Amino acid sequence: MAWITQNLWLIPALPLLAAGLSSLAKQRQRAFAASLAIGSMVAAFLLSCAAFVTTLGHAGTFREPPVNFLWFQLGETTLQLGWVLDPLAAVMLVMVSFVGLLIFIYSVGYMAHDENFTRFFCFLALFAAAMLGVVISNSLLLLFVCWELVGFTSYMLIGFWYHKPSAAAAAKKAFITTRIGDIGFFLGMLWLYSETGTLLFYDGGQGCLEQSALTKLAAQTTMLGMAASTGISLLIFCGAMGKSGQVPLHVWLPDAMEGPTPVSALIHAATMVAAGVFLVARVYPLMETVPANATVAAQTAETLTPALSLSEREREKQISASDESIRVEPSAVRKIADAPQNVLSLPAGEGRGEGEGQEHAAAHAVSTALKLVTWIGAITAAFAALIAVAQTDIKRILAYSTVSQLGYMMMGLGVGGVAVGMFHLITHAFFKALLFLGAGSVIHGCHDEQDIRRMGGLKPFLPVTFGTYAVGMMALAGVPVFFAGFWSKDDILHNAAHWPVSSGPFWLGVFGALLTAFYMTRQVCYVFFGQRRAGILPARHAHDERSSKVHSSVPSSSHPPGGQAGGLSYDPHESPPVMTTPLVVLAVFAVVLGFFGTPAWPWFQDYISGHPATGDLSKLFEWETSSIMLLSTIVVALGLSAGWWLYGRLPSATPEDLDPLERMRPSVFQVLRGKFYVDELYEATVIRFNAWTAWLSDGLDRVLWDGVVRGVSYLVLGFSWISRFIDEYLVNLGFDKGCDGIRGGGKLAAAWQTGQVQPYLRVIGLALAALVLLLSWGRVQ
Amino acid sequence: MTPLHQYLFLSALLFGVGLAGALTRRNAIIVLIGIELMLNAANLNFIAFWRFSRHPELATGLMFVLFSIGIAAAEAAVGLALIIAIYRHYRTANLDQFDSMKG
Amino acid sequence: MDPVFAFLALLTTAGAVAAVSLRNLVHCALCLVVAFAGLAALYLQLNAQFIGFAQILVYVGAVAILIVFAILLTRGSEPGNQPILSSSWQAGLGVAVLVLGALGVAVASSFVRYYPVSPAPQPTVRELGEQLMTNYVLPLEVIGLLLTAAMIGAVIIAMHEKQGPR
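One numbering rule holds for all chains: residues counted from 1, following each sequence as written. The order in which chains are written sets their letters, starting at A; the order in which ligands are written sets their numbers, starting at 1. Note on the predicted model: pLDDT of at least 70 is required for a residue's local features to be given, and 80 or more for side-chain atom pairs to be given and counted; whole-chain, interface and lining totals, by contrast, use all residues. Side-chain calculation: all heavy atoms of the structure are included, whereas hydrogens and water are not.

Glancing now at unusual backbone geometry. Geometrically, the link from Val247(A) to Pro248(A) is a cis peptide bond, its omega value of 10° lying close to zero. Of note, Pro248(A) is situated in the loop between helix 9 (228-244) and helix 10 (252-255). Although it is not a glycine, Phe676(A) sits at a positive phi angle of roughly 60°. Only DSSP runs of H or I with at least four residues qualify as helices, and only runs of E with at least two residues qualify as strands; both kinds are numbered from the N terminus onward. Its location among the elements puts Phe676(A) in the loop between helix 31 (666-673) and helix 32 (678-752). Three labels apply to residues, based on accessible area from a 1.4 Å probe with only protein chains included: buried if under 20% of the type maximum, exposed if over 50%, partly exposed otherwise in between. On the accessibility criterion, Phe676(A) (30% relative accessible area) is partly exposed. Residues other than glycine seldom take positive phi values, yet Ala59(B) does so here, at roughly 60°. For Ala59(B), the position within the fold is in the loop between helix 2 (28-51) and helix 3 (60-90).

This is the structure in structure tokens:
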């Protein structure tokens, strides 16, 4: 076992240490906090690279043995925690630490003038530690702990400018909304623990994601004829939905853009929101488990046709029709390949034969949980993309785009397995971080202006930002061949096209891709092309709108103060190198990463699945793959040209100009701009219901329970009054009389005791005389 | 030779004088003097009875008086020490004012 | 009546009466010395020489001097014109007379009036010493212990409160 596997805990521990140390730093010690956080991230990145390299050499048995330890023991009950290094964790580690590092560096420039700079880096480091903890944990419990920590830091960072009411409200909204999903996660975790007695993922055959536990879970049927595995999967998916902003829990993510832009880039675009996708990928063996009754059906089918089950045979026909090579149809082969990996980790050879058969059958029957994941993802992808079309805030557009892309990832997980979803996750992390940082640079350059209608014509002023932003935009939109987003999205669409259950998700995905290209073109046209619209407005007005933000994050000092005071016109400026360098690095990766997962050379997918990489250029030109590629190319071209036609050709001249879409279909556009009124719907239903319940509880509390309590208290008061009466007038009266008598007697007796010597002596003398007389009298007698 | 009863009358007289002094005077030291006188009267009785006893060689009366004198010395020492202590506390030797043991 | 006895009895009684009745306390103490000396002479008359000298040593030499010291220590702040008799002196005097009467009646009514006069014994100091060391050795030790305890006690009681450990 490699050294790094044993000491994987160091990766989250270092940023945690940095967070702890910088929390002790004074507000002034900016350089200390920033260098501590960045240094810890560099160390974590290097360690992550070491871990990544370790996993590269292993083909076949692709999972390092996990390191588990006993946390505590209560009688028979034990709780174990641990960490595991597998390609899934390794690739996430590298991505999180690398993107995190770049964003940390970017933050040094972006937050340079914030008075709470130190606190910001403390939270960032804490977030990085928690996120890395999520990635490496081998226990659902440890994952949950880090998951909640991530949510907490997200809350702290969204509300970083807590003096802004909107930021405070957004932080609360994010926290509570994700918490709704986390309730499901938590219940699922408890259920899983009560069924299997362990929360470890991998534990030498005993873990909850390994064959014995899965078989047990699949065999158990609970309410509504649902298998325990399905129920648990759905509950855990609730947590993933909350964190990853899937419909209907997506409402918090756009509001989370109230936080500083680096936070939006790191947490709400690249890493944390991807944690939901990662969770689903992590528990994928559980998700894809098909209930026992379905398995039996599949097994009977298998016995009828001994070689292959029905669906597989059909697919085999399709494949053979197109080509005879071994790896033609990635998803099918991947599914088959996924199955034995679980079996391989079994310690005993006995269960292997059975398990293999079962797994083969299970691989072709899509589980209920995965169906749900797919549908939710597909709906989210299209839904959020629609909303993004009508937004005007540069960060909100990106936020809805993030929601949409997260939907793609979920869909990819559902239709194509871990590798498909994860590939899009990684590429998306890079280009979305790039877009957010670019947006941050634009906002920074435009003196905290976020409304795209007041931008325009920025291309000459922000050359580096424009270049990198364009790369990110094309990657997101999926411009063919040279951009990462094209390949990862194509992979998802490709698998969706062959999804046996329904073709709905595929068409939703295609629709989403069209919209993605469209709204990104619209945004870029608004921001960078056309003529400048900012100067038309008085600067004071633009400034007032952002005055609350100015309060803490002063606009960069790199522009002269006179430019603002002058009012009518001030020039946007390019950001300092500390901000543009990460942009360039991210832009490079947004291009390069795509080539690791093309159909011709699906290195990434093979790496995640754990078999040796294969390369075959000819696959690009098979009809099977090229048809999808062609379709998505057409769709992207359509979106781009539509965007250009509406926004680039005739740029609007003033901020007050109506959107071209609005001119065409005002009612539809209003619905889109209102985000389908989901917030309003929640306002009218959930929140009103909540308020009503609170009102009812309040009333009940005041009238009913309070009345009961009051009645009881009056009863007790009455009793005590009676008791006091008896005590005072019956018991005490007699007692007092007795006491008075005794006291009177004591006083009388005390009067005899004068305390003086002579009266005592007198009494003695009298007694003596009496005694003498008595004796002598007796003598006389 | 003086008969016994004369000594007894003298002893009774001394006792009466001592008792009268102890009962009538205010000063604590005079009271103590009275008590000493009463003790001495008792001693005189013992000596007289010894002188007139049938077995004077046993010297019982003498021994009794000897011990009585010793005890009287102890009593006088303690009594006077008490008077000094009380005087120091109350700044007076007036017995009428010593009534802190009053019931 | 034997004139010597009469003189000694008169001296003693007068000394005793003066000792309890004079206003000046120092005079009282001096009269007490006279009474003690008369008593010592009476003891000598009764052939109790050792006791007589012991009386002089202890009472005249020690107790009377002690009383004088006590008088000197307690005198001072009190004004001289205060009454010397206590508030209830009549009752005290009555009781004293009653006791005197009772004792006189008792003596007068007893048979001692007719008691024969025996020959005078001549006890030597040697005999007394032998008696003390044999028959009365235990009382002697006890009285020694008592005297020691009384002395220590007297010192502790009379000690200034500031100086003591209390």
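Next up on the list: the interface of chain B and chain A. Listed per partner, the contact involves 14 residues of chain B and 10 residues of chain A. By salt bridge we mean one thing: a side-chain nitrogen of Lys or Arg within 4 Å of a carboxyl oxygen of Asp or Glu. On inspection of chain B and its partner chain A, the count reaches zero salt bridges. What qualifies as a polar contact is a pair of N or O atoms within 3.5 Å, subject to a donor-acceptor requirement within protein and to the restriction that residues adjacent in sequence count only when both atoms come from side chains. Along the contact surface separating chain B from chain A lie two residue pairs in polar contact (both at pLDDT 80 or more). For the side of chain B that touches chain A, the element with the highest residue contribution is helix 1 (residues 4-24) of chain B, accounting for four residues. What makes two residues a contact is simply this: any of their non-hydrogen atoms within 4.5 Å.

Residues and elements named next belong to chain A. Here an axis means a line fitted to C-alpha atoms, over the contact stretch when the element is a helix, while the angle between two N-to-C directions is reported on a 0 to 180 degree scale. Relative to each other, helix 20 (residues 418-445) and helix 22 (residues 484-497) sit at 155°, their axes nearing to 9 Å. Relative to helix 22, the element helix 20 is oriented roughly antiparallel. Our pair here, helix 20 against helix 22, has a crossing hand that is left-handed. Contacts between helix 20 and helix 22 involve Val420, Phe423, His424, Thr427 and Phe431 from the former and Ala484, Gly485, Trp487, Ser488, Lys489, Asp491, Ile492 and Asn495 from the latter. Roughly parallel here means an angle under 35 degrees, roughly antiparallel means over 145, roughly perpendicular means 65 to 115, and every remaining angle is called oblique. Whether a crossing is left-handed or right-handed is set by the direction in which the near helix is turned from the far one by less than a right angle, anticlockwise for left-handed and clockwise for right-handed.

For the rest of this paragraph, the subject is the nonpolar core. Residues and elements named next belong to chain A. The biggest cluster of nonpolar side chains holds 209 residues, and the ones touching the most others in it are Leu140 and Met422. Looking at this core element by element, the count peaks at 18 residues for helix 20. Filtering out sequence-adjacent residues up to four positions away, Leu140 remains in contact with Phe185, Met189, Leu192, Leu199, Phe201, Ile236, Leu279 and Val283. In these notes, a set of buried Ala, Val, Leu, Ile, Met, Phe, Trp, Tyr and Cys residues joined through side-chain atoms within 4.5 Å is what counts as a nonpolar core.

In this assembly, 84 residues from chain C lie in contact with 72 residues from chain B. Defined in terms of a 1.4 Å probe, buried area is the accessible area two parts forfeit on being brought together, summed over both. Summing both sides of the interface, chain C and chain B together bury roughly 6,900 Å²; the carbon and sulfur share of this comes to 75%. One can count zero salt bridges joining chain C with chain B. Linking chain C to chain B there are 11 residue pairs in polar contact (both at pLDDT 80 or more). If you list the elements that add at least two residues to the side of chain C that touches chain B, you get helix 1 (3-21), helix 2 (25-45), helix 3 (49-74), helix 4 (89-109), helix 5 (125-133) and helix 6 (137-158) of chain C. For the side of chain C that touches chain B, the element with the most residues is helix 3 of chain C, which contributes 13 residues. Just so you know the grouping, Ala, Val, Leu, Ile, Met, Phe, Trp, Tyr, Cys and Pro go in nonpolar, Asp, Glu, Lys and Arg go in charged, and all remaining residues, Gly too, go in polar. Class assignment of the residues belonging to the side of chain C that touches chain B gives a composition of 62 nonpolar, 17 polar and five charged.

So, about the packing of aromatic side chains. Within a pair of aromatic rings, the relevant descriptors are the distance that separates the centres and the angle that separates the planes. All names here are of chain A. Two aromatic rings from Phe, Tyr or Trp, using only the six-membered ring of Trp, form a pair when their centres are within 6.5 Å; if the ring planes differ by under 30 degrees the pair is stacked, by over 60 it is edge-to-face, and anything between is tilted. Tallied over the full model, the rule gives 37 aromatic pairs over all chains. Relative to Tyr647, the ring of Tyr526 has its centre 5.6 Å away and its plane inclined at 45°; by these criteria the two rings are tilted. With a gap of 121 residues between them, Tyr526 in helix 23 (residues 504-528) and Tyr647 in helix 29 (residues 623-648) connect regions that are remote in the sequence. For Tyr526, a relative accessible area of 6% translates into the label buried. Here Tyr647 falls in the buried class, since its relative accessible area comes to 5%.

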